[in-house]
Amino acid sequence: MEGYQYTIMKPEKVAIITGAGQGIGLEIARKLLDSGSNVILNDLEVSLTEDAVSSLSRMRKGMVLGCSGDSSSEEVIDEMVRLALDHFGKIDQVVANAGITLFGGFLDYSRQDFAEVMRVNQAGTFFLTQAAARVMKDQESGGSILLTSSVTAHQSHENLAAYAMSKAAIEMLAKNLVLELAPFGIRINTIAPGATLTERTTSDPDYVTTWSKLTPLGRPASPTDIAEAAAFLLSDAARHITGQTLVVDGGWTAISPSPYA
Ligand SMILES: NC(=O)c1ccc[n+]([C@@H]2O[C@H](COP(=O)([O-])OP(=O)(O)OC[C@H]3O[C@@H](n4cnc5c(N)ncnc54)[C@H](O)[C@@H]3O)[C@@H](O)[C@H]2O)c1
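Here is what the cut-offs are and how they apply
Residues numbered from 1 in each chain as written. Predicted model: local features only at pLDDT ≥ 70, side-chain atom pairs only at ≥ 80, totals over all residues. Heavy atoms only, no water. Helix = DSSP H or I, 4+ residues; strand = E, 2+ residues; numbered from the N terminus. Buried < 20%, exposed > 50% of the residue type's maximum accessible area, 1.4 Å probe, protein only. Axes fitted to C-alpha atoms, helices over the stretch in contact; angles between N-to-C directions. Parallel < 35°, antiparallel > 145°, perpendicular 65-115°, else oblique. Left-handed = near helix turned anticlockwise from the far one by under 90°. Contact = heavy atoms within 4.5 Å. Nonpolar A, V, L, I, M, F, W, Y, C, P; charged D, E, K, R; others polar. Near = heavy atom within 4 Å. Polar contact = N/O pair within 3.5 Å; in protein donor to acceptor, adjacent residues only side chain to side chain. Areas by Shrake-Rupley, 256 points an atom, 1.4 Å probe, with all protein chains shown as cover. Pairing = 2+ DSSP bridges. Phe/Tyr/Trp six-rings, centres within 6.5 Å; stacked < 30°, edge-to-face > 60°. Right-handed = clockwise from strand over helix to strand, strands pointing away.

Quick word on unusual backbone geometry
And step 1. Of note in the backbone geometry, Arg 60 takes a positive phi value of approximately 55° without being a glycine.
And step 2. Take Arg 60: it is sitting in the loop between helix H2 (46-57) and strand S3 (64-68).
And step 3. A residue is classified by how much of its surface remains accessible, and Arg 60, at 76% relative accessible area, is exposed.

This is how it looks when you write it as structure tokens:
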């Protein structure tokens, strides 16, 4: 009997990801391209955006388009959505990854720093989610949104009160939106990385030694550790998961200081 072959074409997905010129966001973009998505990649820095787009384009997987600028500005959010719709006609996956940390003791923390942290972390996440959810609702095929929190939303960390508060609010946003977005087939989850080796943390020469001692699994996370968990939540494999936070921290938030340490 003569055999025949056929190929089942997986429909390509379309993703938007912010703050992805380097670090965790860049790795998530790489993972999404690898699993068959086209990507609109944002970073505040023009050169980081351009470098990320050209290095990811060399993967020859899907298409990646850059959109530089402040991910919390209305113009940049509109531009990312426009790029997705003009080139691909839809948005399936959104990663609100851009986030800033402005360290400072609570008693001296300035209103200016507080406003900046809330603008980028909270307003940026909120309004990107709103813009994408409007499109996902109208396209009737739903979608998956991933917000970015931190273990600082779960445990106390000195000098991070404003940042921790902004990240805890992001987790509540995902939980809160379950009711309003589930009817349209839109899932929304949060990832909460622990200590992760990115450009923001490798400036501390003791970072690996310090976090290797503190982390039950014996090392800080790599961006790939975070990206693989993110890709799972964004994928159809997580089709019945919404409103959840996935902590990826090598066990750090599962423990408390031991009297015998
Ligand atoms: N690295 C960690 O240990 C860690 C731990 C917990 C949570 N996180 C969170 O993960 C996310 C990514 O962290 P990272 O360490 O990869 O970040 P990072 O500091 O390396 O920054 C990633 C990119 O975001 C860009 N960016 C900053 N502000 C922006 C803005 N307003 N608009 C667009 N782009 C902007 C930067 O230019 C940078 O290229 C952040 O939300 C961060 O809070 C990181």
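Considerations on the packing of helix H1 (residues 23-34) against helix H7 (residues 223-234)
And step 1. Closest axis-to-axis distance for the H1/H7 pair is 8 Å, and the angle between their directions is 50°. Accordingly, the angle class assigned to the pair H1 and H7 is oblique. Where H1 crosses over H7, the handedness of that crossing is right-handed. Contacts between H1 and H7 pair Gly 23, Ile 24, Glu 27, Ile 28, Lys 31 and Leu 32 from the former with Pro 223, Thr 224, Ile 226, Ala 227, Glu 228, Ala 230, Ala 231 and Leu 234 from the latter.
And step 2. Per-class residue counts for the contact of H1 with H7 are 9 nonpolar, 2 polar and 3 charged.

Brief notes about the site of the ligand
And step 1. Near the ligand, the surroundings consist of 30 residues, among which Ile 24, Asp 43, Asn 97, Tyr 163 and Thr 198 are the closest.
And step 2. One of the backbone nitrogen or oxygen atoms of Leu 44 is found 3.0 Å away from a nitrogen atom of the ligand.
And step 3. The contact in question runs from an oxygen atom of the ligand to an N or O atom on the backbone of Thr 196, over 3.0 Å.
And step 4. Out of a free accessible area of 830 Å², the ligand has 92% covered by protein chains.
And step 5. If you list the elements that add at least two residues to the shell around the ligand, you get H1, strand S2 (37-43) and helix H5 (161-181).

A few points about the sheet that holds S3
And step 1. Reading across from one edge, S3-S2-S1-S4-S5-S6-S7 is the order of the 7 strands in this open sheet, with parallel pairing throughout. The outermost strands of the open sheet, each flanked by one partner alone, are S3 and strand S7 (245-248). Ignoring which end each strand starts from, the neighbouring axes of this sheet average 15° apart.
And step 2. The pairing of strand S1 (residues 13-17) with strand S4 (residues 93-96) spans 3 bridges and is classified as parallel. Of the residues in S4, the one forming a bridge with Ile 16 is Val 94.
And step 3. Strands S1, S2 and S3 of the sheet are contacted by helix H3 (residues 74-88), whose axis makes an angle of about 160° with S3.

Digging into the packing of aromatic side chains
And step 1. Throughout the structure, instances matching the rule amount to 3 aromatic pairs.
And step 2. Aromatic side chains Trp 211 and Trp 252 sit 5.3 Å apart centroid to centroid with 75° between the ring planes, which places their arrangement in the edge-to-face category. With Trp 211 in helix H6 (residues 207-214) and Trp 252 in the segment after S7, the pair connects residues that are 41 residues apart, well separated along the chain.
And step 3. A relative accessible area of 13% means that Trp 211 is categorised as buried.
And step 4. On the accessibility criterion, Trp 252 (14% relative accessible area) is buried.
And step 5. In textbook terms, an aromatic cluster arises when at least three aromatic residues are bridged by ring pairs, as seen for Tyr 207, Trp 211 and Trp 252.

Overview of the pairing of S4
And step 1. Taking every second residue as pointing to the same face, both faces of S4 are buried, with Gln 93 and Val 95 on one and Val 94 and Ala 96 on the other.
And step 2. Handedness of the crossover joining S4 and strand S5 (residues 143-148) through helix H4 (residues 111-139) is recorded here as right-handed.

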